[in-house]
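What follows is the residue order along each chain.
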Amino acid sequence: MVNDLFNKTGPCLSFEVSPPKTEEEFQAIFAKLDALAALHPNFISCTYGAGGSKAGKTAEIASYIQHRLQIDAIAHMTCVGFKREDLQKNCELLEKEGIRHVMALRGDRPQYMTDEQFGSREFFYASDMIRYLKANTSLEIAGACYPEKHFEAESFESDLEHLKEKVDAGASFLITQLFFSNDIFYRFLEQVKKAGISVPVCAGIMPVTSAKQIGTSITLSGSSVPKELSDIIANYGENKEDMRKAGIDYAVRQIRDLKEHGVDGIHLYTMNRPKTTAEIVAQI
Ligand code: FAD
């Protein structure tokens, strides 16, 4: 149940990990998961095929989290390239592995897809997959949301309307895209409430520990970078250790403020880095 994942007394703390690309890195992820588990998160989610990671490994990692670490696991799944049978198979695999929670995403258009293939996909939006999952499985479902609007959405308002459809279809909680300005998140929460969405929303926080991230994950996320953070990168970007410390400090200050505002949850994008995650958790 969704209530099992959330604290009654304060924000829940959760982590996101990704299946590594190489077999060698994959073997190393289990020790990293052990280290993350020692920080006692309420749940750990594992991405699906994001950034070219191996899609088939998500269930294996989620199963380790759920059974070996005894922490609730959320397996991400995307539907953009899925037929009904593929989705059914993936759900059967997850249910066999004893995974009870999924993060249902449409996914980004893969490079190999032609306009025709993209235009005739079986599940058009995440909400279509969520309806299917609700009708055919007993999985508990989370959905993604975007405080600065999804990059394809015509407007913030239309994105919000579609978010409401996602929740009405059966998403019982939401996790946000990463953001660096809490004010943007608080404004988003107000609009979410006004739209009649009352499920818990976890705030997605990613520590910026190297200047390189600006060119990769941050640019891809479409999240804006406030002046304070771009100044930090300009001042410390050249020095690895100073940048790491300053990035951790920025994330810690963001999280402390979110906690003071009584948010439902903090979801840390760990980038599979337990040391950085531990330093943040120790300070919050
Ligand atoms: P949707 O909710 O389907 O929305 C996509 C777009 O369609 C939006 O612009 C929305 O406004 C619009 N829309 C929705 N419904 C309608 C409608 N009825 N009519 C018209 N327009 C509509 N990607 C991965 O590949 N793997 C992952 O593991 C992964 N994990 C993620 C975790 C989080 C927390 C987040 C925020 C994103 C994650 N992503 C992942 C990225 C995600 O797949 C992309 O952002 C993708 O482009 C959109 O997915 P979605 O589920 O939000 O799509």
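Residues numbered from 1 in each chain as written. Predicted model: local features only at pLDDT ≥ 70, side-chain atom pairs only at ≥ 80, totals over all residues. Heavy atoms only, no water.

Moving on, we come to the pairing of strand β2 (residues 43–46). Neither face of β2 is exposed, since F43 and S45 on one face and I44 and C46 on the opposite face are all buried. Bridging between strand β1 (residues 12–17) and β2 involves four bridges; their strand directions are parallel. Within β2, the position partnered with V17 by the bridge is C46. Considered for its hand, the β-α-β crossover made up of β1, helix α2 (residues 23–37) and β2 is right-handed. Taken together, the four bridges between β2 and strand β3 (residues 72–78) define a ladder with parallel strand orientation. Note on β3: the bridge partner recorded for C46 is A75. (Buried < 20%, exposed > 50% of the residue type's maximum accessible area, 1.4 Å probe, protein only. Helix = DSSP H or I, 4+ residues; strand = E, 2+ residues; numbered from the N terminus. Pairing = 2+ DSSP bridges. Right-handed = clockwise from strand over helix to strand, strands pointing away.)

Once that is clear, we can look at the site of the ligand. Taken together, 26 residues surround the ligand, and among them Y48, R106, D108, Y146 and D159 come closest. In the model, a nitrogen atom of the ligand is placed 3.3 Å from a nitrogen or oxygen of the H162 side chain. Here an oxygen atom of the ligand and a side-chain polar atom of K166 are 2.8 Å apart. Summarising the interface, the protein chains cover 86% of the accessible area of the ligand, which totals 980 Å² for the free molecule. Listed by contribution, the elements that provide at least two residues to the shell around the ligand are β3, β4 (101–105), α7 (156–169) and β6 (173–176). (Near = heavy atom within 4 Å. Polar contact = N/O pair within 3.5 Å; in protein donor to acceptor, adjacent residues only side chain to side chain. Areas by Shrake-Rupley, 256 points an atom, 1.4 Å probe, with all protein chains shown as cover.)

Taken as a whole and assessed by the stated rule, the structure comprises 13 salt bridges. Close ionic contact of R253 with D249 constitutes a salt bridge, the shortest N to O distance being 3.1 Å. Here R253 pairs with D249, and both are found in helix α11 (residues 240–260), just four residues apart, close to one helical turn. Of the residues examined, R253 reaches a relative accessible area of 35% and is grouped as partly exposed. Owing to a relative accessible area of 35%, D249 belongs among the partly exposed residues under this scheme. Salt bridges here are not isolated pairs; linked through shared partners, they connect E241, R244, K275 and E279. (Salt bridge = Lys/Arg side-chain N within 4 Å of Asp/Glu carboxyl O.)

Okay, the side chain of K57 next. In this structure, K57 sits in helix α3 (residues 57–68). Residues within four places of K57 in sequence aside, it is in contact with P19, E23 and F26. (Contact = heavy atoms within 4.5 Å.)

Here the focus is the nonpolar core. Counting 65 residues, the largest nonpolar core has L33, L133, F185 and L258 as the members making the most contacts within it. Broken down by element, this core gets its largest block of residues, six residues, from α2. Apart from residues lying up to four places away in sequence, L133 is in contact with M77, C91, V102, A104, L139 and I141. Core analysis: the second largest hydrophobic core is formed by 24 residues, C12, L229, I232 and Y269 among them. (Core = buried A, V, L, I, M, F, W, Y, C linked by side-chain atoms within 4.5 Å.)

Now for the sheet that holds β4. Sheet strands line up and pair through hydrogen bonds in the backbone, either parallel or antiparallel. Spatial strand order, β1-β2-β3-β4-β5-β6-β7-β8: eight strands in a closed barrel with parallel pairing. Ignoring which end each strand starts from, the neighbouring axes of this sheet average 25° apart. Bridge count for β6 against strand β7 (residues 201–205) is two bridges, and the pairing is parallel. Following the sheet pairing, I175 is matched in β7 by C202. Contacting β1, β2 and β3, α3 runs over the sheet at an angle of about 165° to β3. (Axes fitted to C-alpha atoms, helices over the stretch in contact; angles between N-to-C directions.)

All right, on to the packing of helix α10 (residues 227–236) against α11 then. It is the contact of α10 with α11, at a shortest axis distance of 9 Å, that shows an interaxial angle of 165°. One element, α10, and the other, α11, form an angle in the roughly antiparallel class. As for how α10 packs across α11, the hand of that crossing is right-handed. Along the contact surface, α10 presents E228, L229, I232, I233 and Y236, while α11 presents D242, M243, A246, Y250 and R253. In terms of residue class, the contact of α10 with α11 is built from seven nonpolar, no polar and three charged. (Parallel < 35°, antiparallel > 145°, perpendicular 65-115°, else oblique. Left-handed = near helix turned anticlockwise from the far one by under 90°. Nonpolar A, V, L, I, M, F, W, Y, C, P; charged D, E, K, R; others polar.)

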